[in-house]
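# Breakdown of the fold
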Amino acid sequence: MLSRVAENLYWMARYLERAENTARLINSTTQLLLDLPRGASFGWDVLLRVAGLDDLYGRTYGVPNEADIMRFLIQDEANPSSIASSIRCARENTRTFREVLPREFWERVNSLYLYVRANAADEAMSRSQRYAVLDGVIERRQAIVGLLMGTMSHDVAYQFIELGRNLERADMTTRIVDVNSAVLLPSDGAVSRAVLERLWMGTLKALSAYQMYRRHVGVHIEGAGVVQFVLTDSPFPRSVAHCLSEIEGCLAALPNSDGAMKAMRTAWRRLEQMRFEGLPPVVLHDYLDQVQADLGAIHAAVAQQYFYLHQARPAGPVGG
Amino acid sequence: MDLIPPDYFLNDAYDELIAPDGRPRPAARALFQYLGSLEPGVLAARRDAVDAAIMAMGITFTVYSDGANIDRAWPFDIVPRVIPRSEWERIEAGLKQRLTALNLFIDDLYNAQRIVKDGIFPLEVLEGSKNFREQCRGISPRFGVWAHICGTDLVRDKDGTVYVLEDNLRVPSGVSYMLENRQLMKRLFPEMFQAMTILPVDDYPTQLYDTLAALSPRDGERPVVAVLTPGIYNSAYFEHSYLAQQMGAVLVEGSDLAVGDDDCVYMKTITGLRRVDVIYRRIDDDFMDPEAFRPDSALGVPGLMRAWRAGKVGIANAPGSGVADDKVVYAFVPRIIRYYLAEDPILPNVPSWLCMVDEDRDYVLEHIDDLVVKPANESGGYGMLIGPRATAAQRDNFRALIRENPRNYMAQPTLTISTAATLVGDRLAPRHLDLRPFVLQSQKLYATTGGLTRVALREGSLVVNSSQGGGSKDTWIVDTEE
């Protein structure tokens, strides 16, 4: 497998995962807002903060408001993490390795791209239209994942796709949970238990974890339980623990993965040491930062081992 | 449904599908019987369906325009061009004959130059060739073959004669569209493929793979074959990726390859360097190796020529093959065929005047209004003058260019190239077209069954290039009982 192709596969998977997670996050936040009492300390700008995009947004748009934030997160090509940008990048990447994937894969990615281009650019989208369009993104993206699972040999190319997908997913899970720590940080103690429960329910829904949580943990939703579930419940496919074991499987199937394995084990150990009972929001935020840093270390080790040859280009054209 | 309107014909061009009496030609009868059986509107509806399929399949080509690269859907006409098998077999023999002779010619030019010494091919043409590569002197590639993949452009004149218009020996493109067109037609009109004997085209990737694999310097092992592309912004990127996929070859960019101190070519993989045996390069000579050719090329691989000269890698087409892809050399091809093969050419050339020959030049300067003037080394329809359609200023400009550098120009009569019925709106109208078959040579010779039919979609236009508003049609070689 060419070093360049491995890197493109990995990023293609990350972009697609990011697009789907952003769509889920926006949809669940929209639902959540409808349930919050007036005056609750929550605004759309939280979405910018958890994605680490508040600076970029501020430079282009200024004061946060729903319409601008949605444009920024969904269709703005100047935002490299917007849904439109992520899908465009995934498509461009896919063009560079059409020969290693099932042919249908390209057609599906291309059709997702055409769908977003045709539907997501509507400036005057209502909340219900937006919900339907983003749902369409999620649906098409899921079809792509299903296609790969059903038709692609679990070869080296597949491992790089899975690596990218799981790293991005774990990272997005921590960011989605962080929405709540951002809401709760300025808490003045007046937030009622019911509102808190709604917020955590929103988190679970953003991760499609609501039903699984209720089945496996219980009907009462409280912060510590939710955080513990989405970080450590390894049977749940969007939990950080699940993603880590998938990553471990990929690394085991790849040659020369010692460095990345080491970073992986560090991430595991630190996750196992976390205690969630009675967790104050500040510590929660620190926990999430730590998981993100550990995932970053795994990414760096993977890049060092597999993408390095491609990245180490000669300084410039000879003579030039 | 009345398919062929009484005012169908635009001019006196030969129509590939419809005879002058307004009835379908024999090979196209079954096609028209089928089309005629469709309810009104069905044809246009299927055309819309195929346009949607082209978008979804992402069959595109890239156009550079206004400083940006635009990905355009491939324009496709759903009415096929039909050629009877008996006629095709003669054309196929002519194509193989031509490529065989051209390869003997290239090999001779880089070695003994017998043809020059024997006075058949003028030294001054050789000396004036931009594509003759000094770096290739004295090399004998496997099988003596330099141009392994050739795209030959054919046109048919008013009287029905099929002429060779051009031999594309550098990096001819279009074969992926030929293959995709057939896929589209089978999706769209499965009934026709059941009812008629249409010869298949889909063995091309296998044949191409065999042609390339035969060039491997390491016998006995399954060779590592790579397609070398300039990258996603190249107009033919779709094709590079498509062919790599179809052949199970690796698609590489220049930066993926490196030449070692042992003169072998390696690709950079996740487990380190891996040797490459054969490179199907889709990059021009100039950009292939900054050590040997243009030093400012960032697309190529430093040391590639060195590796090839040392016999450590096969390259198709071989560096320097372009020497025979020159519109002045073209005029000599009939003589080249007679010289090397002692046979008469099966396919005729379009009559040509060479501006380097005094009496030819005088004729061209005098009759420029009626002629097509072409520069020796351009492709894609660029840099040429269509006399009857040019302004007085453009003609004067070309007269000056010819006087300045006669070796670089040749002229041909303006042919009325043939037309075929094309779906325009919801009715059929004639549009001009050509045909580009692809011919392969290494250990064996092979020609595609038919080729890529390119059609000028604008009424009356003669320019079929996709970069200039051309589209394409599926090309059917059919068995008919005549």
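Residues numbered from 1 in each chain as written. Chains lettered and ligands numbered in written order. Predicted model: local features only at pLDDT ≥ 70, side-chain atom pairs only at ≥ 80, totals over all residues.

### Observations regarding the overall build of chain A
- When its secondary structure is counted, chain A shows 14 helices and 0 strands.
- What you see for chain A is a C-alpha radius of gyration of 20 Å, in line with the 20 Å of a compact globule of 320 residues.
- Viewed in the frame of its principal axes, chain A has a C-alpha envelope of about 65 × 45 × 45 Å.
- Across the 320 residues of chain A, 46% fall into the buried class.
- Contacts in chain A between residues at least 24 apart in sequence constitute 71% of all its contacts with a sequence separation of at least 6. (Helix = DSSP H or I, 4+ residues; strand = E, 2+ residues; numbered from the N terminus. Rg over C-alpha atoms; globule rule 2.2 N^0.38 Å. Buried ≥ 20, exposed ≤ 12 C-beta atoms within 10 Å, placed from the backbone. Contact = placed C-beta atoms within 7 Å.)

### Here's the deal with helix α9 (residues 193-206) of chain A
- With 14 residues, α9(A) ought to run about 20 Å at 1.5 Å a step, and its terminal C-alpha atoms sit 20 Å apart, in line with that.
- Just beyond α9(A), the residue with positive phi is A:Ser208, at close to 50°. (Expected span 1.5 Å × (residues − 1).)

### Thoughts on the sheet that holds strand β13 (residues 353-354) of chain B
Residue and element names in this part refer to chain B.
- Spatial ordering of the open sheet is given by β13-β16-β14-β15, a layout of 4 strands whose pairing is antiparallel. Here the strands that pair on one side only, and so sit at the sheet edges, are β13 and β15 (385-386).
- Strand direction decides the pairing type here: strand β14 (residues 371-375) and strand β16 (residues 409-413), joined by 5 bridges, are antiparallel. Residue valine 373 lies in a different strand from β16, and its bridge partner there is alanine 411.
- Here helix α12 (residues 327-341) sits on the sheet and contacts β13, β14 and β16; the angle it forms with β16, its principal contact strand, is near 55°. (Pairing = 2+ DSSP bridges. Axes fitted to C-alpha atoms, helices over the stretch in contact; angles between N-to-C directions.)

### As for the nonpolar core
- A:Ala6, A:Ile83 and B:Ala226 are the most contacted members of the largest nonpolar core, which totals 228 residues.
- It is helix α1 (residues 3-35) of chain A that provides the largest number of residues to this core, a total of 13 residues.
- Each of domain 1 (86-159 + 196-341) and domain 2 (353-413) of chain B contributes no fewer than three residues to this core.
- Once residues lying within four places of it in the same chain are set aside, the contact partners of A:Ala6 are A:Met1, A:Phe160, A:Tyr306, A:Phe307 and B:Ile270. (Core = buried A, V, L, I, M, F, W, Y, C linked by C-beta atoms within 7 Å. Domains from an automatic or database assignment.)

### A few points about the domain arrangement of chain B
All names here are of chain B.
- When its domains are assigned, chain B resolves into domain 1 (86-159 + 196-341) and domain 2 (353-413).
- Taking the mean C-alpha position of each, domain 1 and domain 2 sit 29 Å from one another.
- Opposite the 7 residues of domain 1 that make contact, domain 2 presents 6 residues.

### Brief notes about the interface of chain A and chain B
- Each partner contributes residues to the interface: chain A has 25 residues there, and chain B has 24 residues.
- Taken together, the elements giving at least two residues each to the side of chain A that touches chain B come down to α1, α5 (83-95), α6 (103-119) and α14 (281-311) of chain A.
- Residue contributions to the side of chain A that touches chain B peak at 5 residues, all from α6(A).
- In the side of chain A that touches chain B, the residues fall into 10 nonpolar, 8 polar and 7 charged. (Nonpolar A, V, L, I, M, F, W, Y, C, P; charged D, E, K, R; others polar.)

### Things to note about the confidence of the model for chain B
- Mean pLDDT over chain B works out to 90, with 96% of the residues at or above the 70 mark.
- Both scores are given for the predicted complex: the pTM is 0.84, the ipTM 0.74. (pLDDT = per-residue confidence, 0-100.)

### Overview of the pairing of β14(B)
Residue and element names in this part refer to chain B.
- Taken across its 5 residues, β14 has 5 buried, putting it largely inside the fold.
- On β14, burial covers both faces: Leu371, Val373 and Pro375 on one face and Val372 and Lys374 on the other are all buried.
- Sheet topology places β14 next to β15; 2 bridges connect them, and they run antiparallel. In the strand pairing of β15, valine 372 is matched with isoleucine 386.

### Remarks on the sheet that holds strand β12 (residues 314-316) of chain B
All names here are of chain B.
- The sheet built from 4 strands is open, its strands ordered β7-β6-β11-β12 with parallel pairing. Edge positions in the sheet fall to β7 (250-253) and β12, since each has one partner strand and no second. Here the strands of the sheet are splayed against their neighbours by 30° on average, with no regard to which way each runs.
- Note: strand β6 (residues 225-229) against strand β11 (residues 278-281), 4 bridges, orientation parallel.

### A look at unusual backbone geometry
- Following B:Ala316, the chain continues into B:Asn317 via a peptide bond in cis, with omega recorded as -15°.
- With respect to the helices and strands, the residue B:Asn317 is situated in the loop between β12 and α12.
- In this structure, A:Asn256 is a non-glycine residue whose phi angle is positive, near 50°.
- Examined against the element boundaries, A:Asn256 turns out to sit in the loop between α12 (240-253) and α13 (258-272).
- The residue B:Gln113 is not glycine, and still its phi comes out positive at about 55°.

### A closer look at the packing of α1(A) against helix α7 (residues 127-151) of chain A
All names here are of chain A.
- Contact geometry for α1 and α7: axes closest at 9 Å, N-to-C directions at 145°. For α1 against α7, the interelement crossing comes out left-handed. Judged by residue contacts, Leu16, Ala19, Glu20, Ala23, Arg24, Ile26, Asn27 and Thr30 of α1 engage Arg127, Tyr131, Leu134, Asp135, Val137, Ile138, Arg141 and Ile144 from α7.
- When grouped by side-chain class, the residues that make up the contact of α1 with α7 number 9 nonpolar, 2 polar and 5 charged. (Left-handed = near helix turned anticlockwise from the far one by under 90°.)

### Observations concerning the pairing of β16(B)
All names here are of chain B.
- By the criterion of burial, β16 is predominantly enclosed, with 4 of the 5 residues buried.
- As defined by bridge partners, β13 adjoins β16 across 2 bridges and the pair is classed as antiparallel. The partner of tryptophan 353 across the bridge, within β16, is alanine 411.

### Topic: the packing of α1(A) against α9(A)
Residues and elements named next belong to chain A.
- Relative to each other, α1 and α9 sit at 155°, their axes nearing to 8 Å. On the basis of the axis angle, α1 is roughly antiparallel to α9. In terms of crossing hand, the pair formed by α1 and α9 is right-handed. Residues Arg24, Leu25, Ser28, Thr29, Gln31, Leu32 and Asp35 of α1 touch α9, and the partners they reach there are Arg198, Leu199, Gly202, Lys205 and Ala206. (Parallel < 35°, antiparallel > 145°, perpendicular 65-115°, else oblique.)

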